[in-house]
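# Residue-level structure breakdown
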4 protein chains.
Amino acid sequence: MPPSSNFFSIIAGVGAGTGHSVALKFASTYPVVLLARNPANYEPTIKAITSSGGQAIGISTDVSDPSSISNAFEEIKKQYGSKKLAAAVYNVGGKFVRKPFLELSLEDYEAGYESNGKGFYLFAQKALPLLLDSVADSPHPPSLIVTGATASIRGGALMSSFASGKFALRATTQSLAREFGPKGVHIAHAIIDGVIDIPRTKEWQANGGVEDGKIKADAIADAYWYLHTQHRSHFTQELDVRPYVEKF
Amino acid sequence: MPPSSNFFSIIAGVGAGTGHSVALKFASTYPVVLLARNPANYEPTIKAITSSGGQAIGISTDVSDPSSISNAFEEIKKQYGSKKLAAAVYNVGGKFVRKPFLELSLEDYEAGYESNGKGFYLFAQKALPLLLDSVADSPHPPSLIVTGATASIRGGALMSSFASGKFALRATTQSLAREFGPKGVHIAHAIIDGVIDIPRTKEWQANGGVEDGKIKADAIADAYWYLHTQHRSHFTQELDVRPYVEKF
Amino acid sequence: MPPSSNFFSIIAGVGAGTGHSVALKFASTYPVVLLARNPANYEPTIKAITSSGGQAIGISTDVSDPSSISNAFEEIKKQYGSKKLAAAVYNVGGKFVRKPFLELSLEDYEAGYESNGKGFYLFAQKALPLLLDSVADSPHPPSLIVTGATASIRGGALMSSFASGKFALRATTQSLAREFGPKGVHIAHAIIDGVIDIPRTKEWQANGGVEDGKIKADAIADAYWYLHTQHRSHFTQELDVRPYVEKF
Amino acid sequence: MPPSSNFFSIIAGVGAGTGHSVALKFASTYPVVLLARNPANYEPTIKAITSSGGQAIGISTDVSDPSSISNAFEEIKKQYGSKKLAAAVYNVGGKFVRKPFLELSLEDYEAGYESNGKGFYLFAQKALPLLLDSVADSPHPPSLIVTGATASIRGGALMSSFASGKFALRATTQSLAREFGPKGVHIAHAIIDGVIDIPRTKEWQANGGVEDGKIKADAIADAYWYLHTQHRSHFTQELDVRPYVEKF
């Protein structure tokens, strides 16, 4: 299936890591729409996609802001209104705050929920009707794939901001899987347990600095593509991923 | 220990059910402060406590509103400034919304988080310093006990609002247990899995209407008291409770 | 209720720690039957109980041996045939093997299952009919309370023997809770997460050797008694317990 | 990579369903060894593989019998001693018993553990040294992939035999993942939650008989192949799979 497909995909949360790799992966089959707050985050990805013959557009979006999300989907409709949505990936990191609880401001605490609770609600409200509309003829079951973390299943000390957001995201994802799975939309949640190997983490000595001790973003992209291509007789709702040397 | 104790307790979320029974239970040992949005919710409880020789005050509070919570703790300081806080119970139900996801307004979706995420953050910010201050001499390890639900560990279809709030609450509770447990404060989370036997649910045919098919609020009060009185060599972080006939 | 009760209790797995404390606790209400492989394990407990006015008998039993278990229950029938069984506690440790997997003999690997899988099956087969027979008139719902461990929910490296047994025990306990709960028998599983403070562990520097860094066996006894006395409107199926300073 | 590879694979538990599909999938890359108690179970699979140009041998094996497993691996050494083991799949169903607990014989109860506890121990003892020996040059990280079920994480009423075995299997798998992952061997556990679409289940009305309401065995084979090909920077330890219409 060439990128001149009748279908397209959306990746929310694109930067130097997972989002970039996922976008490149999906771009080999579908045109992709990239959402990030800052154009500087998606521009290198657009360049990489178009230079290899793919199609991509970027829309500057704050996923936690209802009007910004509305504008983004209006723009998507203008640009890709003749195509159907095959896959949407929610990979928004948001602001990460790690602090003793009594030093957390309300804004700090809510940062986790802003991007992983509210932001996901806003995104899913817009993406799900489009995914439902693709069930009949999408090459693979239309998919909503969500990036979780260790903090999705464990509330560590100093982690109440991030963990409360990631737990809320997982709760919502489970609810959607139970509601929309039977309608043919695949809702999947990936628990990313480890440091991702990107420029920003280059100096981090994850797992003692051993080779492959960080997660390759391309490997996450493969996982998301595998999830997207699962037949509806066989949906994975949740999987974990971690480097072979990760303690867990 | 008579209610004229040097210690007191706070129950946030008092109405006709769990909060009422918990307040009565703790009132046999400590004076209690009752927080509820509406005085009509705590007045019967105050009456029941005082008529049996206990002490209780009520403060009209919206736990999701920072200034309301601040005012409540100012008032607590005025009234009980000479006492120390032995136990705080967070039993806030909040607005329960059960709807297909695409019919949920943002306000609907956020209702779960408002009371169980943000509200708990605000309450815990005020209660934890007081609990820490009691570690040295409290008759039992100072305790923060939190009411969860089935939706704390399972995101059902149509349940994304409530489940995202209850998951966020559980995440925060786990984080606090790991941070404040070693400082001597007992943080416990109870998963209430079933219908509570209160006037409002009288007509509900839970578990086929069999005898004791609903949870007695007094039994939850016993559980919370048991949690409060656990020695620090042996803290329960989480327990579930359900009627003997409940499917799970 | 004096120990000359119409009811009795059984504690399987009695030594210097949890079993001893649990037996003493239950002995203040019911006569107790103590099962242990070696009389030296239960004799001090019998002495402690009888010297404080309680009643106890010990039966030398290998819980993993069908004929030994049968003999034990025959003996129980002879001695307490006129009484009904109010509570049974399965607290069998069994042989603990911690080794690299490729150094585990089949016997090593099966040690976990022998005591926590097979042994519990054999015990429950005999205890459940007696517990069912008590539902109508037992002072508290007849209870089968089971001792789990961290390894009940986490298979650590080098822990496959113990973890496979403890996972199997938890699986069986859940199955029994779902089958026998609705019949009025309370099946509860306690996850003991930490070192127990007994003579054998005296020199262990659990949690840096801080005060109360090990679990008091008496506190576990209190927990089991609390579980036993829960009303059937409100059964706890699972709770965890750990020292306030335990990492988890 | 043609089937004349320097590597081979082993599938334990081959019949009309998952094992057959998994064997065909892996046979397109590696010669496969099929283990089943009865040659009638693996002969159709061998025929299917060889007729499409692959290589396969079958060895009649009772995985719960130490000498039978030893013989099988002796035979494997004779036949494929010059090749290295790239992947081993443990897909042994064993005897499934669903009965009220008090009607379970000891043999019934132990049936779950026999194949999923003891059998897996025996298989893993033989397979792991071969997998370790392949770490340096296997085309993908050498893999041990294990078939779980809903009963791996939930002990249902009447399910204590199967659930105790599947819980024990999961415990062992987690232990091995933590021990052998850091050595480069990928240990993965798949929770198969639903009815598999095979001749034996043809008449079963899973999920109301809707199209694709049962899991395609080929889809499980794809999942196992995906797991096998994951890079070591990114191992999935556990994933679930279920039909889009499955209640969970």
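Refer to the preceding data block for the structure.
Let me begin by describing the structure that accompanies this report. (Residues numbered from 1 in each chain as written. Chains lettered and ligands numbered in written order. Predicted model: local features only at pLDDT ≥ 70, side-chain atom pairs only at ≥ 80, totals over all residues. Heavy atoms only, no water.)

From N to C terminus, chain A includes six helices and seven strands. Mapped in sequence order, the helices and strands of chain A form the string β-α-β-α-β-α-β-α-β-α-β-α-β. For chain A, whose C-alpha radius of gyration is 17 Å, the value lies close to the compact-globule estimate of 18 Å for 248 residues. Sorting the 248 residues of chain A into buried and exposed places 63% on the buried side. In chain A, the share of contacts with a sequence separation of at least 24, taken over all contacts with a separation of at least 6, comes to 70%. Carbon and sulfur atoms form 50% of the exposed surface of chain A, whose accessible area is close to 8,900 Å². Across chain A, 24 positive and 23 negative side-chain charges occur, with their mean positions spaced 2 Å apart. (Helix = DSSP H or I, 4+ residues; strand = E, 2+ residues; numbered from the N terminus. Rg over C-alpha atoms; globule rule 2.2 N^0.38 Å. Buried < 20%, exposed > 50% of the residue type's maximum accessible area, 1.4 Å probe, protein only. Contact = heavy atoms within 4.5 Å. Areas by Shrake-Rupley, 256 points an atom, 1.4 Å probe, with all protein chains shown as cover. Lys, Arg positive; Asp, Glu negative; His and termini not counted. Charge placed at Lys NZ, Arg CZ, Asp CG, Glu CD.)

Glancing now at the interface of chain B and chain C. How big an interface is tends to be stated in terms of the accessible area lost upon association of its parts. Contact residues are listed per partner, giving 32 residues for chain B and 32 residues for chain C. A combined buried area of about 2,800 Å² lies between chain B and chain C, and 56% of that area is made up of carbon and sulfur atoms. Here C:E211 ties to B:R232 by a salt bridge, and the two come within 3.7 Å at their closest N and O atoms. For the interface between chain B and chain C, the tally reads 20 residue pairs in polar contact (both at pLDDT 80 or more). (Buried area = accessible area lost by both parts, 1.4 Å probe. Salt bridge = Lys/Arg side-chain N within 4 Å of Asp/Glu carboxyl O. Polar contact = N/O pair within 3.5 Å; in protein donor to acceptor, adjacent residues only side chain to side chain.)

Let us now look at unusual backbone geometry. Here C:D212, not a glycine, exhibits a phi torsion of approximately 60°, which is positive. Among the secondary structure elements, C:D212 is positioned in the loop between β6 (186-192) and α6 (217-229).

Looking now at the relation of the copies chain B and chain C. Note on the identical chains: chain B maps onto chain C by a rotation of 180° and an axial translation of 0.0 Å, with an RMSD of 0.0 Å. Both chain copies can therefore be described as sitting about a two-fold axis. Nearest to the rotation axis, the C-alpha of B:L239 is located 2.2 Å from it, this being the minimum over chain B. When the interface residues of chain B are mapped onto chain C, 100% of them again fall at the interface, so both copies present the same face. (Least-squares fit on C-alpha atoms with pLDDT ≥ 70 in both.)

On to the pattern of salt bridges, then. On inspection of all chains with the given rule, the structure shows 52 salt bridges over all chains. A:K78 serves as the salt-bridge partner of A:E75, at 3.9 Å between the closest nitrogen and oxygen. In this pair, A:E75 and A:K78 are both assigned in helix α3 (residues 66-80), three residues apart and thus about one turn of the helix distant. The exposure class assigned to A:K78 is exposed, which follows from its relative accessible area of 68%. Put simply, C:K25 and C:D222 hold a salt bridge, and the shortest N to O gap is 3.1 Å. Of the two residues, C:K25 sits in helix α1 (residues 18-27) while C:D222 sits in helix α6, which places them 197 residues apart along the sequence. A network of salt bridges, in which partner residues are shared, links A:D197, A:E211, A:D212, A:K216 and D:R232.

Turning to the packing of aromatic side chains, a few remarks are in order. Any two aromatic rings considered together are summarised by their centre-to-centre distance and by the angle between their planes. Counted according to the given criterion, the structure contains 45 aromatic pairs over all chains. Arranged with centres 4.9 Å apart and planes meeting at 75°, the rings of B:F96 and B:F162 form a pair that is edge-to-face. Of this pair, B:F96 sits in the loop between β4 (84-90) and α4 (106-132) while B:F162 sits in helix α5 (residues 160-180); the two residues are 66 residues apart in sequence, bridging distant segments of the chain. The exposure class assigned to B:F162 is buried, which follows from its relative accessible area of 13%. Three or more aromatic residues link up through ring pairs in this structure, and these residues are C:F101, C:Y109, C:Y113, C:Y121, D:F101, D:Y109, D:Y113 and D:Y121. Sitting over the ring of A:F248, D:R178 keeps its end group 4.0 Å from the ring centre. Here the guanidinium or amino end of D:R242 rests over the ring plane of D:F248, the centre of that ring lying 3.8 Å away. (Phe/Tyr/Trp six-rings, centres within 6.5 Å; stacked < 30°, edge-to-face > 60°. Lys NZ or Arg CZ within 6 Å of the ring centre and 35° of its normal.)

As a further point, take the packing of α1(C) against α6(C). For any two helices packed against each other, the geometry is given by the interaxial angle and the distance between the axes. Residues and elements named next belong to chain C. Following both chains from N to C, one finds α1 and α6 inclined at 50°, their axes separated by 8 Å at the closest point. Considered as vectors, α1 and α6 are oriented oblique to each other. Here α1 runs over α6; the crossing is right-handed. Of the residues in α6, those touching α1 at T18, S21, V22, K25 and F26 are A217, D218, I220, A221, D222, Y224, W225 and H228. Residue classes in the contact of α1 with α6 are distributed as seven nonpolar, three polar and three charged. (Axes fitted to C-alpha atoms, helices over the stretch in contact; angles between N-to-C directions. Parallel < 35°, antiparallel > 145°, perpendicular 65-115°, else oblique. Left-handed = near helix turned anticlockwise from the far one by under 90°. Nonpolar A, V, L, I, M, F, W, Y, C, P; charged D, E, K, R; others polar.)

A word on the pairing of strand β4 (residues 84-90) of chain A. Residues and elements named next belong to chain A. Across the seven residues that make up β4, a large majority, six, are buried. Looking at chain direction, strand β1 (residues 7-12) and β4 are connected through six bridges and run parallel. Within β4, the position partnered with S9 by the bridge is A87. (Pairing = 2+ DSSP bridges.)

Moving on: the packing of helix α4 (residues 106-132) of chain A against helix α5 (residues 160-180) of chain A. All names here are of chain A. Relative to each other, α4 and α5 sit at 20°, their axes nearing to 6 Å. By the angle between their directions, the pair α4 and α5 is classed as roughly parallel. When you trace α4 past α5, the crossing you get is right-handed. Of α5, the residues touching α4 (which contributes D108, Y109, A111, G112, Y113, N116, G117, F120, A124, L128 and L132) are S160, S161, F162, S164, G165, K166, A168, L169, T172, T173, L176 and F180.

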